[in-house]
Amino acid sequence: MKALSAQLTEWLQKPRKVMITTHHKPDADALGSSLGWAHILRSAGHQATVVVPNDFPSFLDWMPGRDGVIDFEKDPQSAVTSLDEADLICCLDFNDLKRNNEFGEHIAASSKTILMVDHHPYPTDFAQYRYHSVQASSTCELILDLCRDLDWMEHLTADAGACLYAGMVTDTGSFRFAACTPHTHRWAALLQERGLKHHQIHEAIFDQMPVNILRFLGHCFLNRLQVIEAWNTAYLAIPYSDLEAFGVQTGDTEGLVNYALNLKGMRFASVMIDRGPLVKMSFRSKGQVPANLFASTYFEGGGHLNAAGGQSADTLEQTEQRFLQALNLFGPDHLAQP
Ligand code: 5GP
Ligand code: MN
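Definitions and limits used
Residues numbered from 1 in each chain as written. Chains lettered and ligands numbered in written order. Predicted model: local features only at pLDDT ≥ 70, side-chain atom pairs only at ≥ 80, totals over all residues. Heavy atoms only, no water. Near = heavy atom within 4 Å. Polar contact = N/O pair within 3.5 Å; in protein donor to acceptor, adjacent residues only side chain to side chain. Areas by Shrake-Rupley, 256 points an atom, 1.4 Å probe, with all protein chains shown as cover. Helix = DSSP H or I, 4+ residues; strand = E, 2+ residues; numbered from the N terminus. Nonpolar A, V, L, I, M, F, W, Y, C, P; charged D, E, K, R; others polar. Donors = N, O, S within 2.8 Å, 3.2 Å for Na, K, Ca; no water. Buried < 20%, exposed > 50% of the residue type's maximum accessible area, 1.4 Å probe, protein only. Axes fitted to C-alpha atoms, helices over the stretch in contact; angles between N-to-C directions. Parallel < 35°, antiparallel > 145°, perpendicular 65-115°, else oblique. Contact = heavy atoms within 4.5 Å. Pairing = 2+ DSSP bridges.

With that settled, the discussion passes to the site of ligand 1. In the vicinity of ligand 1 lie 13 residues, with Arg99, His120, Ser282, Arg284 and Gly302 positioned nearest. Contact between ligand 1 and Arg99: an oxygen atom at 2.9 Å from a side-chain N or O atom of the residue. Here ligand 1 loses 76% of its free accessible area of 490 Å² to cover by the protein chains. Mapped onto the shell around ligand 1, the elements with two or more residues apiece are β10 (279-285), β11 (302-303) and β12 (307-312). Looking at the shell around ligand 1 element by element, the count peaks at four residues for β12. Counted by class, the shell around ligand 1 contains two nonpolar, eight polar and three charged residues.

In structure tokens form, the structure reads like this:
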């Protein structure tokens, strides 16, 4: 369970230099928790910088503080300088330095003090301080808990609230997944009481689709969707040529996997996308179907019970065949009709 260290609380009483980082391909929870925490720290008198391992989707560009974010891939020098100058490293929304790509190697080599704030299962042992709970529906929710535990609620600024709300919305599937609790709703209510314009954030995240992407989705549903009735599973295998033909960018395919689970009766879904060097795979499930077990057993991945990811170095066709074989092994235990 998460617990705030008295030592760290005491240490944060003086102004410090803090570097915040998150997992590669940052999503709304990753970037929202990082920027939200940076705003809170700054309000509390600390210096805070945010370093991302690589680019994030443009539908997150509205987040306050986004302009100051350092991208390690584009500007490794500034990222490493920020790491060198920091008194404390905060690792948010991941629990294994491998998820931080090459920048994670710099962190590992730095022997700096690390605080990890995360809600993914199976944390690895790289942080002196851990604020971790798999019960939390998002890392943004944990940042709010942390803010309360530090007695810093006056530092929960409007900018911080907007960033944190974004991660809460997306990681809970707009407050619908099982992980969304009364506690989650209470935080959302508090942010709204403090003036958060929740509808603007939903619009900023969800109503930004370029027309080529809506057409790409239409193409995927018409030509790429497969349904395996026997295992209550739907999947899409997307060749690289589709990404080129429709001008699909990083982040555009976010959420595609969820449509497969919208189908009646489906309990497991996957999207596999040929990204060139690797096939990137997303898995989603309902109920007790362990998407993370499927990802870690067959596709070098992991994640949460109902949302996981993995990859394959094979071709898309080979990956699809391996997926179907894996499904036949996984299905009898986890996907047979109840
Ligand atoms: P997505 O399908 O959105 O890429 O990932 C869904 C969830 O699975 C995310 O919470 C992410 O943290 C986790 N995940 C995705 N890819 C990997 C991976 O390769 N390894 C691990 N351990 N987790 C992953
Ligand atoms: Mn998260």
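Here we come to the coordination of the manganese ion (ligand 2). Protein coordination at the manganese ion (ligand 2): the donors are Asp29 (OD), Asp93 (OD), His119 (NE2) and Asp171 (OD), at 2.1 to 2.4 Å from the metal. Linear spacing of the donor residues for the manganese ion (ligand 2) on their chain is D-x63-D-x25-H-x51-D. Of the two residues, Asp29 is situated in helix α2 (residues 28-43) and Asp93 in the loop between β4 (88-92) and α4 (101-110); the sequence distance between them amounts to 64 residues. Judged by its relative accessible area of 1%, Asp93 falls in the buried class.

Before going further, it helps to examine the packing of helix α5 (residues 139-149) against helix α7 (residues 182-193). Two numbers describe how α5 lies on α7: the axes approach to 11 Å, and their chain directions differ by 70°. Taken together, the axes of α5 and α7 are roughly perpendicular relative to one another. Residues Glu141, Leu144, Asp145 and Arg148 of α5 pack against His183, Thr184, Trp187 and Leu191 of α7.

This part is about the sheet that holds β10. The six strands lie next to each other as β7-β8-β9-β10-β12-β11, forming an open sheet whose pairing is mixed. Here the strands that pair on one side only, and so sit at the sheet edges, are β7 (225-228) and β11. Sheet topology places strand β9 (residues 268-274) next to β10; seven bridges connect them, and they run antiparallel. Considered in β10, the bridge of Asp274 is made with Val279. Its contacts with the sheet place helix α9 (residues 211-223) against β7 and β8 (233-238), and it is angled at close to 120° to β8.

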